[in-house]
Amino acid sequence: MVISTEHPAQPLTTLINGLGRTIPSEANDTNTELAVVNVTKGKRYRFRVIGLSCDAPYNFTIHKHSFTVIETDGENSKPVIADSLWVYAGQRYSIVMTANQTVDNYWIRADPLSSRGPSGFDGGRNSAILRYVGAPVKEPTSVGASRNPLNEDNLHALVTHTPPGRPVLGGADIVVPIRQRYHNDTQTFDINNVTYKSPTVPVILQILNGTYDAKDLMPTGSVYTLEPNKSVELQFFGLSAGGPHPYHLHGHAFYVVKNAYSTQYDWKNPAMRDTINTGLDGNLTVVRFFTDNAGPWFLHCHIDWHIDMGLAVVFAEDPKGTKAHNKIP
C-alpha cells in the first residue's frame, strides 16, 4: 500500500484521557462528554502530559494557570515555569500546577499543529475541563492566551551532567549525521541515502549468532556499529516534508546539546530526554550519549507510518559485548 507523506490518516479529533469532540460536519453527534480533571483550591498537582498521537504535535495550555516543568521523558529537570508547551509524538512531561484561581471551570487545551490536524476549539474540540471542587457542573467560559511559552533552551538536567566528548560541534568520538530525505515518486523517506526496511531476522538475533560488522548486519546500510565506552554525537538535519519529525532513541536518554529552532549550544548542563523534535528544512538538532549499554538500539521517527516509509536506523552498540550484557535467565 502506498502511503502519502502529507496526511495519510489525518485525525478528526483530539482525545484527552480518552474523550473528545470533532468537527460538526464530520460526525452526527458532536456533543460527547469531555474529560474532567477535578482539583481542590490551594493544592498542588503533578500532571503527566504525554504525546500519545501517531502524528500531530500539540500545544498544551490550562487557562489562567501557569505550571512548573520538572521532568522530560522520564528525566528530572530543573524547575521551569511556563504557561504552555509543545509536546511531540512520543514525548512526555511532568508539570506541577497550583490550583490558585477562583473556584470555577477552566479549559484545558491541546491544540494540534494546524498542518497536522484540525486545530481550534469551537464546540469544545481539542479540549478538556479543569474543574475546582465546588464549581458548577458546566463547561468553562474561560479565555486565555499564553504569555510565557516553554523555551526548551531553558530546560536543564536536575543534577548537572556534562555531555560526553569535547564541548564543540563534532567533538565526540563518533559523529553520525542523520540526513533525512523524502522521495515523492515512491513516497518513501531515507536516512543518509538508505530507506529502512525491517529485516527478516531481528538485529539482536543476528548479533547473538555472531554477526558483528555493520556491513554484514541486516537491513543493509541501516545499521551503524558503535564501539563501547565512546561519546556519540547525532546531528539531525531537519526536513519539512512530512515534518517536523520527532525522533526517539531506544536504549539511552541523550543530552540535548542544541534544539532544532535554536542557535544556542549547551555544553554545560543540557536537558536529557529520549525523544526530540528535529525541526524543518535548514534546522539542526544536536544530541549526545555515551555507549555504555550494549545492544541494538532503534532510532526512528515517532510518526507511526514514517517508520514504514523508511525513517529509521539501528545502532549496534558494542555487538561483541551484547551477549554478555543480555544474559538469558
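What you are looking at is a predicted structure, and each value in this text was computed from that prediction instead of being measured.

Scanning the protein for helices and strands turns up three helices and 20 strands. Against the globule reference of 20 Å for 329 residues, the protein gives a C-alpha radius of gyration of 22 Å, in line with a compact fold. Its C-alpha atoms give the protein principal-axis dimensions of roughly 65 × 45 × 45 Å. Considering the protein as a whole, with its 329 residues, one finds that 50% of them fall into the buried category. Expressed as a percentage of contacts within the protein between residues at least 6 apart in sequence, the contacts between residues at least 24 apart total 73%. For the protein, the exposed surface amounts to about 15,600 Å²; the carbon and sulfur share of it is 52%. Of note, the protein has its 28 positive side-chain charges centred 7 Å away from the centre of its 30 negative side-chain charges.

Our next topic: unusual backbone geometry. That bond from methionine 218 to proline 219 is cis: its omega, 5°, falls within 30 degrees of zero. Here proline 219 is to be found in the loop between α1 (203-208) and β12 (223-226). Here the residue pair glycine 243 and proline 244 is connected by a cis peptide bond, since its omega of 5° sits within 30 degrees of zero. Position of proline 244 relative to the elements: it lies in the loop between β13 (231-237) and β14 (246-249). Despite not being glycine, asparagine 126 shows a phi value in the positive range, around 55°. Residue position: asparagine 126 is located in the loop between β8 (105-112) and β9 (127-132). Relative accessible area serves as the criterion here: at 2%, asparagine 126 is assigned to the buried category. One non-glycine residue, asparagine 192, lies in positive phi territory at about 50°.

Bringing the sheet that holds β13 into the picture now. Pairing within the open sheet is mixed, and its six strands lie in the order β11-β10-β13-β18-β15-β16. Both outer strands of the open sheet, β11 (188-191) and β16 (272-273), are each paired with one neighbouring strand and no more. In this structure, β13 lies alongside strand β18 (residues 284-290), joined through seven bridges in antiparallel fashion. By the bridge assignment for β18, phenylalanine 236 is matched with threonine 285.

Moving on, we get to the environment of leucine 280. Looking at the secondary structure, you find leucine 280 in the loop between β17 (275-277) and β18. We classify leucine 280 as partly exposed; its relative accessible area is 30%. Between the C-alpha atom of leucine 280 and that of phenylalanine 237, which follows or precedes it by 43 residues, the distance is 8.0 Å. Apart from residues no more than four positions distant in its own chain, leucine 280 is found in contact with Gly238, Leu239, Ser240, Gly243, Pro244 and Tyr261.

Now for the confidence of the model for the protein. Keep in mind that low pLDDT regions are not for reading the predicted coordinates in detail. Looking at the protein as a whole, the pLDDT averages 93, with 94% of positions reaching at least 70. Low confidence marks residues 1-7, where pLDDT is under 50. Its contacts with residues over four positions away, or in another chain, come to 15 contacts.

On to the pattern of salt bridges. Where side chains of opposite charge bring their charged atoms close, a pairing between them can arise. Applying the stated criterion to the full structure yields nine salt bridges. With its nearest N and O atoms 2.7 Å apart, the salt bridge here joins aspartate 122 to arginine 125. Residue class for aspartate 122 comes out partly exposed when judged on its relative accessible area of 43%. Arginine 125 gets classed as buried once you look at its relative accessible area, which sits at 5%.

With that out of the way, let us pick up the packing of aromatic side chains. Scanning all chains against the criterion turns up nine aromatic pairs. Ring centres 5.2 Å apart and planes at 45° place the aromatic pair phenylalanine 236 and tyrosine 247 in the tilted group. Residue phenylalanine 236 is found in strand β13, and its partner tyrosine 247 is found in strand β14; the two are separated by 11 residues along the sequence. Judged by relative accessible area, phenylalanine 236 falls into the buried class, the value being 1%. Note on tyrosine 247: relative accessible area 0%, which makes it buried. Centre to centre, the rings of tyrosine 265 and tryptophan 267 are 5.9 Å apart; their planes meet at 10°, and the pair counts as stacked. Note on tyrosine 265: relative accessible area 31%, which makes it partly exposed. Given the relative accessible area of 17%, tryptophan 267 is considered buried.

On to the sheet that holds strand β4 (residues 67-72), then. With antiparallel pairing, four strands are arranged side by side in an open sheet as β2-β7-β4-β5. Each edge of the open sheet carries a strand with a single partner, namely β2 (44-50) and β5 (75-82). Averaged over all neighbouring strand pairs, the angle between strand axes comes to 25°, with direction disregarded. Bridge count between β4 and strand β7 (residues 92-98): four bridges; the pairing is antiparallel. Among the inter-strand pairings, threonine 68 is bridged to a residue of β7, identified as valine 96.

Analysis parameters
- Residues numbered from 1 in each chain as written.
- Predicted model: local features only at pLDDT ≥ 70, side-chain atom pairs only at ≥ 80, totals over all residues.
- Heavy atoms only, no water.
- Helix = DSSP H or I, 4+ residues; strand = E, 2+ residues; numbered from the N terminus.
- Rg over C-alpha atoms; globule rule 2.2 N^0.38 Å.
- Buried < 20%, exposed > 50% of the residue type's maximum accessible area, 1.4 Å probe, protein only.
- Contact = heavy atoms within 4.5 Å.
- Areas by Shrake-Rupley, 256 points an atom, 1.4 Å probe, with all protein chains shown as cover.
- Lys, Arg positive; Asp, Glu negative; His and termini not counted.
- Charge placed at Lys NZ, Arg CZ, Asp CG, Glu CD.
- Pairing = 2+ DSSP bridges.
- pLDDT = per-residue confidence, 0-100.
- Salt bridge = Lys/Arg side-chain N within 4 Å of Asp/Glu carboxyl O.
- Phe/Tyr/Trp six-rings, centres within 6.5 Å; stacked < 30°, edge-to-face > 60°.
- Axes fitted to C-alpha atoms, helices over the stretch in contact; angles between N-to-C directions.

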